[in-house]
Amino acid sequence: MLRITSRSNPRLREVARLLASARDRRKAGKCVLEGEHLIGVCAERHGAPEVLVVADDCLGRSGVQALAARFADRTLVVPPALFGELATLPAGVGILALITAPRPAPAPPADFCLLLEDVQDPGNVGSMLRSAAAAGVAQVLLSRHCAFAWSPKVLRAAQGAHFHLALHEDADLPHWGAAFVAGGGTLVATVAHGGAPLFAATLAGRIAVAIGNEGAGLSPALLAIANRRVTIPMPGGTESLNAAAAAAVCLFECVRQRR
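If you're wondering where the values come from, they're calculated on a predicted model, not measured in any experiment.

This paragraph deals with the overall build of the protein chain. The secondary structure content of the protein chain amounts to 10 helices and 12 strands. Its C-alpha atoms give the protein chain a radius of gyration of 20 Å, within 12% of the compact-globule value 18 Å for 259 residues. Expressed as a percentage of its 259 residues, the buried residues of the protein chain come to 49%. The long-range share in the protein chain, meaning contacts at least 24 apart out of those at least 6 apart in sequence, stands at 78%. Carbon and sulfur atoms provide 53% of the accessible area of the protein chain, an area that totals close to 11700 Å². Between the averaged position of the 25 positive side-chain charges in the protein chain and that of its 20 negative side-chain charges there is a distance of 3 Å.

Given below as structure tokens:
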């Protein structure tokens, strides 16, 4: 472990730069993980982080201490005040890591997929990833204008789900969807009105659920390809559900039927 007190340390400066700029994170294909839970899940499934930054006053915590000892050759120990300048979560989090965002190799479509088209709210994207991982989704495809899957807000909302999913960003969803349907899959478009009632639709077999932008919904191009449209019944009379809530309802109806 290397103890430092200066902001000018090159590795610390890189972490600070990436924390401050979503554009730089996306361009570099890197992300910053905050907290023992996220870092531990990542280490278990993807190995060592590039850099681990630990607040000196948190080294006494067993979880932080274990991670710092495991990756001692790449751990920077900094004073609490300096750590507080880096972290976006409260200072008590005590540990953060810089990693290269995992990029899965191109693969044939899985039997249970989630498509996110231009979902721009990071909290919604993170919640959807968390629901997808819990439901047993294998692949999540995100269109070019979705929130960056590896941003701090998405990571925070997903609570480690990233490391249980194959995430494919900047996907051409109409192209992918056409191939999925041609291969015998069912592309389920979620629509606010006019679809088959969700709980009456057949959602077993090879399924890809498509969730659209919070305001505009799914694009005409993706709707044209979908071979099933579903609408969530809302007897309470509200106009619509939050996109993340709608995704969870649809995914777990798929789980119910697939079981």
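As a further point, take the pairing of strand β4 (residues 75-78). Two faces make up the sheet, and in a regular strand the side chains alternate between them. Residues T75 and V77 point to one face of β4 and L76 and V78 to the other, with burial holding for every one of them. By the bridge criterion, 2 bridges tie strand β1 (residues 2-3) to β4 in an arrangement that is parallel. Bridging from a neighbouring strand, R3 pairs with V77 of β4. The pairing of strand β3 (residues 51-55) with β4 spans 4 bridges and is classified as parallel. The partner of A55 across the bridge, within β4, is V78. Following the chain from β3 across helix α4 (residues 62-70) to the adjacent parallel β4, one finds a crossover that is right-handed.

Take the nonpolar core next. Residues L33, L114, L116, M128, L129, V140 and W150 are the most contacted members of the largest nonpolar core, which totals 60 residues. Here this core takes 8 residues from helix α10 (residues 243-258), the largest share from any one element. Setting aside anything within four residues of it in sequence, one finds W150 in contact with C31, A101, P102, L155, H162, F163, L167 and E169.

Next up on the list: the sheet that holds strand β5 (residues 95-100). The strand order across the open sheet built from 5 strands is β1-β4-β3-β5-β2, with neighbouring strands paired in mixed fashion. What marks the edges here is a single partner per strand, and that holds for β1 and β2 (30-34).

Sheet architecture is open: 7 strands sit in the order β8-β7-β6-β11-β9-β12-β10, paired in parallel fashion. Bordering the open sheet on either side are β8 (166-171) and β10 (196-197), each of which pairs with just one other strand. Summarising the sheet, strand β6 (residues 112-116) and strand β11 (residues 207-211) pair through 5 bridges and their orientation is parallel. Looking across to β11, one finds that C113 is bridged to A208. Relative to β11, α10 is tilted by about 165°, and along the sheet it contacts β6, β9 (186-190) and β11.

Now for the environment of L223. Tracing the chain through its elements places L223 in helix α9 (residues 220-225). What makes L223 buried here is its relative accessible area of 17%. Note: C-alpha distance between L223 and A20 (203 residues apart in sequence) is 37 Å. In contact with L223, other than residues within four places in its own chain, are A189, V191, L218 and R229.

With that out of the way, let us pick up the packing of helix α3 (residues 36-46) against α4. Relative orientation of the contacting elements α3 and α4 amounts to 40°, with a least axis distance of 10 Å. On the basis of the axis angle, α3 is oblique to α4. Judged by the sense of rotation from one axis to the other, the crossing of α3 with α4 is left-handed. Across from E36, I39, G40 and A43 in α3, the residues of α4 making contact are G63, V64, L67 and R70. Here the residues of the contact of α3 with α4 sort into 4 nonpolar, 2 polar and 2 charged.

Each value, and the rule that gives it
- Residues numbered from 1 in each chain as written.
- Predicted model: local features only at pLDDT ≥ 70, side-chain atom pairs only at ≥ 80, totals over all residues.
- Heavy atoms only, no water.
- Helix = DSSP H or I, 4+ residues; strand = E, 2+ residues; numbered from the N terminus.
- Rg over C-alpha atoms; globule rule 2.2 N^0.38 Å.
- Buried < 20%, exposed > 50% of the residue type's maximum accessible area, 1.4 Å probe, protein only.
- Contact = heavy atoms within 4.5 Å.
- Areas by Shrake-Rupley, 256 points an atom, 1.4 Å probe, with all protein chains shown as cover.
- Lys, Arg positive; Asp, Glu negative; His and termini not counted.
- Charge placed at Lys NZ, Arg CZ, Asp CG, Glu CD.
- Pairing = 2+ DSSP bridges.
- Right-handed = clockwise from strand over helix to strand, strands pointing away.
- Core = buried A, V, L, I, M, F, W, Y, C linked by side-chain atoms within 4.5 Å.
- Axes fitted to C-alpha atoms, helices over the stretch in contact; angles between N-to-C directions.
- Parallel < 35°, antiparallel > 145°, perpendicular 65-115°, else oblique.
- Left-handed = near helix turned anticlockwise from the far one by under 90°.
- Nonpolar A, V, L, I, M, F, W, Y, C, P; charged D, E, K, R; others polar.

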